[in-house]
Amino acid sequence: MTESAQRQHMVYAYAVLRPTPEAARAVAVLRGVADEQVGLVETGDLAAAVGPVPAEEFEERALKAGLEELPRLEALARGHHGVVAGLAPLGAVLPLRLATVYRNEDRVRRVLQERRDQFLPLLERLAGHVEWGVKVYTDPTDPTNLTDSLASDAAVPAGATGGERALSPGRAYLAARRRSRRGAEEAWQTAARTAARIAEEAGGLAVGRVAHRPQRGELAQAAGGETAGGGKPGGESARGRKPGGAKPGGENIANDAYLVPADRAEEFRSRVLAAAEGQPGVRVEVTGPWAPYSFALPPEPEPEPEPEPEPEPESAARTEPV
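Because the structure is a prediction, the values reported are computed rather than measured.

K.L.:
What am I meant to see in helix α13 (residues 265–276) here?
P.N.:
One turn of the α-helix equals 3.6 residues, which is why residues spaced by three or four share an orientation. Between its first and last C-alpha atoms α13 spans 17 Å; for 12 residues at 1.5 Å apiece the expected length is 16 Å, and the two agree. All buried positions along α13 are accounted for by A265, F268, V272, L273, A275 and A276. Seen from one end, α13 has its buried residues packed into an arc of 160°, which puts them on one side. Directly after α13, the chain includes G278, whose backbone phi takes a positive value near 75°.

Structure representation (structure tokens):
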């Protein structure tokens, strides 16, 4: 890349892998987040899959602003995952964090050299393994969920006595709120017990687990099993249907990632779904298999350049201390 092109472009890094002929053939057909041609930056026994992206869109301030917009974030995540998914069949791939951007390829080479002793053991450990995501929610769409069924019966509770039927509207409302709160607590406890049962069952097959922070707000609604884990499409619910057909909602109780031997991937999925069957008011999403996003080290942050001192004019007068 010429010096002029370097000023106009930055380098987006997708993953760390081995520099093999198979890797070179794989990146040759991949397009990245800016529809750029993906290539390899190599140094010794390590390589990074990278692509040139417009500096005006990927410098720190512009990138930060873009990541605060959900459509932009989703598009970036899809492009990032598309490259990683294209490399995953190679065996051992370390996906880098979304929006990992460097000033130039020399900086990428330096990171690979500086962290060689971390990257190589990770590539060895993750070879032949895939990641599965498991999310557990309370399910307000379930007809057996006590939160909805009790709240809908606010005016006249089932089995109410004559005195209760004579409650004023205000007292009836407060009574319904108390029942709804108890129902929500029971739904949460049921989901928490289900999550613990799943973790125990999954632990018999997985060689690693990462407990992510439960999702809230737009992220929890957007996931819905279709874009779980930052733009990774696909998934299945505990009742064996595509979760895209289920209405979003409910509180995310558990958001876990498991590292599973690739040859036991289907067994893992089946056992997790079986452990979640028959739990009223609970929705479980199983997504994967993916490249091991949750088990790769995050990249080193790009250091801020030190400001260069302004040259002093030769003719400037100097004041010496007394």
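There's plenty left to go through after this.
K.L.:
Whenever I open this one, the confidence of the model for the protein confuses me. Can you help?
P.N.:
For the protein, the mean per-residue pLDDT works out to 78, and 69% of the residues sit at or above 70. Low pLDDT, under 50, characterises residues 146–155; the predicted model gives this stretch 18 contacts beyond four residues in sequence or across chains. For the stretch residues 224–234, pLDDT sits under 50, and the model shows 29 contacts to residues farther than four places along the chain or on other chains.

K.L.:
Which parts of the structure should I look at to understand the nonpolar core?
P.N.:
A general trend in soluble globular proteins is that nonpolar side chains are found buried together. The biggest cluster of nonpolar side chains holds 24 residues, and the ones touching the most others in it are V136, I198, Y258, F268 and V284. Elements that contribute at least two residues to this core include exactly β6 (129–138), α10 (169–203), β10 (252–261), α13 and β11 (282–290). Take this core: its biggest share by element is six residues, from α13. Apart from residues lying up to four places away in sequence, F268 is in contact with W132, V134, A202, L205, Y258 and V260. A13, V41, L46 and A296 belong to the second-largest nonpolar core, a separate cluster that totals 23 residues.

K.L.:
How do you make sense of the pairing of strand β3 (residues 46–54) when you look at a structure like this?
P.N.:
Successive residues of a regular strand alternate their side chains across the two faces of the sheet. Summarising burial for β3: seven of the nine residues are buried, a large majority. Summarising the sheet, strand β1 (residues 9–17) and β3 pair through eight bridges and their orientation is antiparallel. Along β3, the bridge assignment pairs V16 with A48. Relative to β3, strand β2 (residues 39–43) runs antiparallel, the two sharing five bridges. In the sheet register, G39 faces β3, and the bridge partner there is V50. The hairpin formed by β2 and β3 contains two residues between the paired strands, and G44 there has a positive phi angle of roughly 65°.

K.L.:
Would you mind showing me how to read the pattern of salt bridges here?
P.N.:
When their charged atoms lie close together, side chains carrying opposite charge are able to pair. Using the criterion set out here, one finds 14 salt bridges in the structure. The residue R31 makes a salt bridge to D35 at a minimum N-O spacing of 3.6 Å. Taking the shortest distance from any N to any O, the salt bridge between E114 and R107 comes out at 4.0 Å. We classify R107 as buried; its relative accessible area is 8%. Overlapping salt bridges bring together E201, R264, E267 and R271 as one network.

What counts, and where the lines are drawn
Residues numbered from 1 in each chain as written. Predicted model: local features only at pLDDT ≥ 70, side-chain atom pairs only at ≥ 80, totals over all residues. Heavy atoms only, no water. Helix = DSSP H or I, 4+ residues; strand = E, 2+ residues; numbered from the N terminus. Expected span 1.5 Å × (residues − 1). Buried < 20%, exposed > 50% of the residue type's maximum accessible area, 1.4 Å probe, protein only. Arc of directions from axis to C-beta. pLDDT = per-residue confidence, 0-100. Contact = heavy atoms within 4.5 Å. Core = buried A, V, L, I, M, F, W, Y, C linked by side-chain atoms within 4.5 Å. Pairing = 2+ DSSP bridges. Salt bridge = Lys/Arg side-chain N within 4 Å of Asp/Glu carboxyl O.

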